[in-house]
Amino acid sequence: MKETERIVEYGVPIDAQTMIEPPDAAELELEPGHPGLGDETYIARRKELFALCRRHRLERLGPPLIEYTAEETRIWREVSPKLDELHRKHACSIYLKGKDDLAITQAEIPQLRTISERLERETNMHLVPAEGALPYRTFYEYIAQRGFPVTQFIRHGSHPEFTPEPDMIHDCLGHVPPLMNQDYAELLTLIGKAAATTPHGDQVLALKRFSWFSIEFGLIEEAGETKVFGAGILSSTGEIPRSLFSAQATRRPFATEVVIATDYDPSQMQKDFFIAPSLPFLRRELEALVRRFNIPVL
Ligand SMILES: [Fe+2]
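Keep in mind that this is a model prediction, so the values were computed, not measured.

Regarding its fold elements, the protein chain presents 13 helices and 8 strands. The globule rule puts the C-alpha radius of gyration for 298 residues at 19 Å, and the 18 Å found for the protein chain is close to it. By the burial criterion, 55% of the 298 residues in the protein chain qualify as buried. Pairs at least 24 apart in sequence give 65% of the contacts found in the protein chain among residues at least 6 apart. Only carbon and sulfur atoms are counted for the fraction: they give 53% of the accessible area of the protein chain, which is about 13400 Å². Both charge centroids of the protein chain, one from 34 positive and one from 45 negative side chains, sit 3 Å from each other.

Next up, the structure:
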């Protein structure tokens, strides 16, 4: 596919070049329908954290120490025990071990700076403060350098179990625990290197779908059972049972050709899930894809 051609993402044709040179939003934008719209205190707090985290990201200062408000702590204390109960039953072992080893508590919102130092010692990964969702290529450029971008704000309190954008509950209780696993960290950094290196927008999109249906919304086989692997599922009390049991969702074996050709809608509850047989399987599939795309990162 030529770069002037268009590719389809989220059901809409886009210029393939936007995958290679993504836009950089310098100001906070809450999407239409966001539960925080109209709440001036919430918006002021989000703007404050946006500016702080953006500065720390661009100046490479590491996660800032944050004094969380009583309302933010209340939301954390409401959501994290409900998620933990579901994790104990349905999360994959890599996730559970990382969560226990990091000792992420249900009582206090953790400081990402402390977690980042621990990750650095364990798997040579670190956390990069992010002011909000970063474009895929930007996100994976950090990961290629072994930095995982994480938000430091909390969702709006009117809907503690729902967030239309990644927040700290999604990042910290979804993405961060498996970063303690060396094989997981290597899988992630290889995706990062490939996505940051290819000059082809359609290949970035294929890698984005590979990550979406594994790192974000993947299921995995473990001792004959299907367990939850993806951070988007693990950070949602609705998505965990839905991904495993709902008749409205499909669950198919992870086949890379099918996965990279499958579009999705990130603003809705997911309907397509893929089950990977193991983490080494995902690694082999990713290496084969990177070779086929001729991306020189192996
Ligand atoms: Fe995510």
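Remark: helix H8 (residues 182–197) packs on helix H9 (residues 201–216), axes separated minimally by 9 Å, with the N-to-C direction vectors making an angle of 160 degrees. It follows that H8 is roughly antiparallel to H9 by the angle criterion. In this structure, H8 crosses over H9, and the sense of that crossing is left-handed. For the pair formed by H8 and H9, the contact residues are Tyr184, Leu187, Leu188, Ile191, Ala194 and Ala195 on the first element and Val204, Leu207, Phe210, Ser211 and Ile215 on the second. Taken together, the residues of the contact of H8 with H9 sort by class into 10 nonpolar, 1 polar and no charged.

The rules behind each value
- Residues numbered from 1 in each chain as written.
- Predicted model: local features only at pLDDT ≥ 70, side-chain atom pairs only at ≥ 80, totals over all residues.
- Heavy atoms only, no water.
- Helix = DSSP H or I, 4+ residues; strand = E, 2+ residues; numbered from the N terminus.
- Rg over C-alpha atoms; globule rule 2.2 N^0.38 Å.
- Buried < 20%, exposed > 50% of the residue type's maximum accessible area, 1.4 Å probe, protein only.
- Contact = heavy atoms within 4.5 Å.
- Areas by Shrake-Rupley, 256 points an atom, 1.4 Å probe, with all protein chains shown as cover.
- Lys, Arg positive; Asp, Glu negative; His and termini not counted.
- Charge placed at Lys NZ, Arg CZ, Asp CG, Glu CD.
- Axes fitted to C-alpha atoms, helices over the stretch in contact; angles between N-to-C directions.
- Parallel < 35°, antiparallel > 145°, perpendicular 65-115°, else oblique.
- Left-handed = near helix turned anticlockwise from the far one by under 90°.
- Nonpolar A, V, L, I, M, F, W, Y, C, P; charged D, E, K, R; others polar.

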